[in-house]
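Residue-level listing of the chains:
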Amino acid sequence: MDARAIAEVLEEIGQLLELKGENPFKIRAYQNGARALESLDEDLGTLIAEERLGEVKGIGKALVDKITKLYQTDQLDLYDQLRAETPQGLLLMLEIPGFGPKKVRKVHEALGVTSIEELTVACEDGRLAALPGMGEKTAQKLLKAIEMREQYNQRHLWVDAAALALPLLEQLRALPAVQRAEVAGSFRRKMETVGDLDFIAASDEPAPIMEWLVQHPEVAEVTAHGETKSSVRFSTGLQADLRVVPPHQFVFALHHFTGSKDHNVAMRQRALAQGLSLSEWGLFPTDEAEKAQELAPRARKSVIAAQSEADLFEALKLAHIPPELREGRGEIEAAERGELPRLVQDADLRGAFHNHTTASDGRATLEEMAAKADALGWEYLGLADHSKSSWQAHGLEPERLLAQVEAIRELNASGRFKVRLLAGSEVDILTDGALDFPDEVLNQLDYIVMSVHQAMTQDEATYNARVLRAIRHPLQVRKILGHMTGRLLLRREPSRVDHLKVIEAAAEEGVVIELNANPWRLDMDWRWWRTAQEKGVRCAINPDAHNTEGLEHVVDGLRVARKGWLRAETVVNTWSVADVLAWLGRS
Ligand code: DGT
Ligand code: CA
Ligand code: CA
Ligand code: ZN
């Protein structure tokens, strides 16, 4: 295990001990140990080998052995034992926001509650409210949090869905009976989260395809097994439908089950206006549509044969609409007028601006990051480590920041790497909207990324004023607004912010807005990018990389940028290094 994984184990041991009502000093020792490991300056393996781990501040004698054991064997008896003796339900309860170990222990001891279901009942029947220090308000808050948690659990991050869907699609396409296959639905539309997967396969022989799915080793439960449609649940909780259609219906089925519902409704209306009826089975003249419905589905034949979705759109006098735009948000009107944007593509990307190194909470050094950027063929790589107020992330004080700037300038001059390194900083926007460094420090950088990391639950007016103040802060260097709402998909709600006001201020001040490419963030949300682009705001798709592979996450942001109608010109990290340097006022 590496230092970070061990820190998580220590953190969890602290919680488990707290659930047991152990001595607070002991608990504190594990928490401090976790903190210390997270911000280690040196390699953990070296510290252990040289028997210097005990000298690290925050790591007591008792922890040295445990950390060493975890490092060497990935295992610790105390941890296994604690997990085994703690009811699973209590661990799940810890995941409810605002419900820490102390409260969990209280309801467990006083009410015998061991699961979220029992906790729900106790909240509803007044037993929880009656406990000292709890009250009706707490009960209502908990019920709300439990409900949110359930909603979240029903959806999955796009990248998690992809990890399952893409290999399955390969296997499906390889079956002898399958002529064509796709994953449709929200997955194909590149939604940030996916409810279920919708596979469509073209074949005249559905039986073996149904068998393949229901027998699949990854399937945990078969919820429906029909002749041409089956549904299953995988062990991750993700569900999938698989529909087999005759080859001549494939394009219509693919379009229909790609959705979205709103897009489909608008498409059907458009077809009707041309005397046509569009369905998952085909495109029929309206007067014959009823007749067609009476025939068995597999016998129906659309009067328009479509080999691809482009044929279908063409039949309705539309330009081809990429799946990620099919949200019923004006894409049909734009396609009709020939005004669909030329969407930014993977190959357009030439660098990125928001990345961390071991100077703050990254896991790779400046040199390792530069080498990776070279391997990716990037023209420039911007470093933006945390600022001093993000002390949990080992944020830099001005001296360390300026030393890093110096190191970056020297590396550029040395010619060791092809990539041009840029010196930035991820500067905290403090609670009142001030920036975490004085202007004279910031003005020595190539650019800054301004982000909120504390007090994220401020009311909308306060949060807005805070972000607007940062946007309007006069500086000589370019500014990028980082992860605007701080949301973590399926885990943490976005901060309340007036997107339109922020977008308008950014347009006025020439501040770039980040599209944070971390699959948990994808912040600012794709629903706002079209407006931002129209108002002249530029986008930086920022991987927010904390290690070398993190740089590759930039494509997760790109997927969502396309969903937000963004063209390459709008995205600053598609610009050439010469254009970027000119824009930054550097050479
Ligand atoms: P999800 O699974 O919640 O992430 O979202 P989708 O869009 O994948 O929704 P899903 O799986 O229920 O259905 C896939 C597509 O099938 C949907 O985007 C449009 C189409 N569809 C499903 N049910 C209906 C319906 O009742 N009416 C219409 N017009 N289309 C539907
Ligand atoms: Ca779906
Ligand atoms: Ca579905
Ligand atoms: Zn950040």
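Report on the accompanying structure.

About the thresholds
- Residues numbered from 1 in each chain as written.
- Chains lettered and ligands numbered in written order.
- Predicted model: local features only at pLDDT ≥ 70, side-chain atom pairs only at ≥ 80, totals over all residues.
- Heavy atoms only, no water.
- Pairing = 2+ DSSP bridges.
- Helix = DSSP H or I, 4+ residues; strand = E, 2+ residues; numbered from the N terminus.
- Axes fitted to C-alpha atoms, helices over the stretch in contact; angles between N-to-C directions.
- Donors = N, O, S within 2.8 Å, 3.2 Å for Na, K, Ca; no water.
- Buried < 20%, exposed > 50% of the residue type's maximum accessible area, 1.4 Å probe, protein only.
- Core = buried A, V, L, I, M, F, W, Y, C linked by side-chain atoms within 4.5 Å.
- Contact = heavy atoms within 4.5 Å.
- Near = heavy atom within 4 Å.
- Polar contact = N/O pair within 3.5 Å; in protein donor to acceptor, adjacent residues only side chain to side chain.
- Areas by Shrake-Rupley, 256 points an atom, 1.4 Å probe, with all protein chains shown as cover.
- Nonpolar A, V, L, I, M, F, W, Y, C, P; charged D, E, K, R; others polar.
- Phe/Tyr/Trp six-rings, centres within 6.5 Å; stacked < 30°, edge-to-face > 60°.
- Patch = residues over 30% accessible without salt bridge, like charges linked within 9 Å, V, L, I, M, F, W, Y side chains within 5 Å.
- Salt bridge = Lys/Arg side-chain N within 4 Å of Asp/Glu carboxyl O.
- Lys, Arg positive; Asp, Glu negative; His and termini not counted.
- Charge placed at Lys NZ, Arg CZ, Asp CG, Glu CD.

### Quick look at the sheet that holds strand 5 (residues 219–225)
Sheet architecture is open: five strands sit in the order 2-4-7-6-5, paired in mixed fashion. The open sheet terminates on both sides in strands that have one partner only, identified here as strand 2 (180–183) and strand 5. The sheet shows a mean angle of 20 degrees between the axes of neighbouring strands, taken without regard to direction.

### Thoughts on the coordination of the zinc ion (ligand 4)
Listed as protein donors to the zinc ion (ligand 4) are Glu426 (OE), His453 (NE2) and His483 (NE2); their distances from the metal cover 2.1 to 2.3 Å. Here the donor residues of the zinc ion (ligand 4) share one chain and are spaced in sequence as E-x26-H-x29-H. Placement of the pair is His453 in the loop between strand 14 (447–451) and helix 21 (460–472) and His483 in the loop between strand 15 (478–481) and helix 22 (499–509), with a sequence separation of 30 residues. Judged by its relative accessible area of 2%, His483 is buried.

### Focus on the nonpolar core
Leu381, Leu435, Ile448 and Ile541 are the most contacted members of the largest nonpolar core, which totals 63 residues. When residues in this core are grouped by element, the largest group, five residues, is from helix 21. Those residues in contact with Leu435 that sit more than four places away from it in its chain are Val427, Asp428, Ile429, Leu430, Leu442, Ile448, Met450, Ala470, His473 and Leu475. Listed in part, the 48 residues of the second largest apolar core include Ala3, Leu37, Leu94 and Ala129.

### Here we look at the site of ligand 1
Residues in close proximity to ligand 1 total 16 residues, the closest being Arg155, Ser186, Arg189, Gly195 and Asp196. Contact distances for ligand 1 include 3.1 Å between an oxygen atom and a side-chain N or O atom of Asp198. In the complex, 66% of the free accessible area of ligand 1, which totals 600 Å², lies under the protein chains. Of the residues contributing to the shell around ligand 1, the split by class is two nonpolar, eight polar and six charged.

### Focus on the coordination of the calcium ion (ligand 3)
For a metal bound by four donors in a tetrahedral arrangement, the ideal donor-metal-donor angle is 109.5 degrees, while six donors in an octahedral arrangement ideally sit at 90 or 180 degrees. Around the calcium ion (ligand 3), the donor atoms from the protein are Asp196 (OD), Asp196 (OD), Asp198 (OD) and Asp241 (OD), and they sit 2.3 to 2.8 Å away. Counting residues between consecutive donors of the calcium ion (ligand 3) along the chain gives the motif D-x1-D-x42-D. Separating the calcium ion (ligand 3) from the calcium ion (ligand 2) is a distance of 3.7 Å, and Asp196 supplies a donor atom to each of them.

### Considerations on the sheet that holds strand 12 (residues 420–423)
If you trace the three strands from one edge of the open sheet to the other, you get 10-11-12, paired in parallel fashion. Whereas interior strands pair on both sides, the edge strands pair on one side only; in this sheet they are strand 10 (351–352) and strand 12. When strand 11 (residues 380–383) meets strand 12, the two strands line up parallel, connected through four bridges. When the bridges of strand 12 are listed, Leu383 appears paired with Ala423. Across the face of the sheet, helix 19 (residues 398–414) comes into contact with strand 11 and strand 12 while running at roughly 165 degrees to strand 12.

### Topic: the packing of aromatic side chains
On inspection of all chains with the given rule, the structure shows five aromatic pairs. For the ring pair Phe353 and Tyr380, a centre distance of 5.7 Å and an interplane angle of 40 degrees mean the geometry is tilted. Placement of Phe353 in the loop between strand 10 and helix 18 (366–375) and of Tyr380 in strand 11 is noted, with a sequence separation of 27 residues between them. For Tyr380, a relative accessible area of 0% corresponds to the buried category. Their ring planes at 80 degrees and their centres at 5.4 Å tell us that Phe353 and Tyr447 sit as a pair that is edge-to-face.

### Quick look at a positive patch on the surface
Side chains of Lys103, Lys106, Lys137 and Lys141 sit close together on the surface and give a patch of like positive charge. Residue assignment for the positive patch shows that the elements contributing at least two residues are helix 7 (101–111) and helix 9 (135–153). Relative to the helices and strands, Lys141 is located in helix 9.

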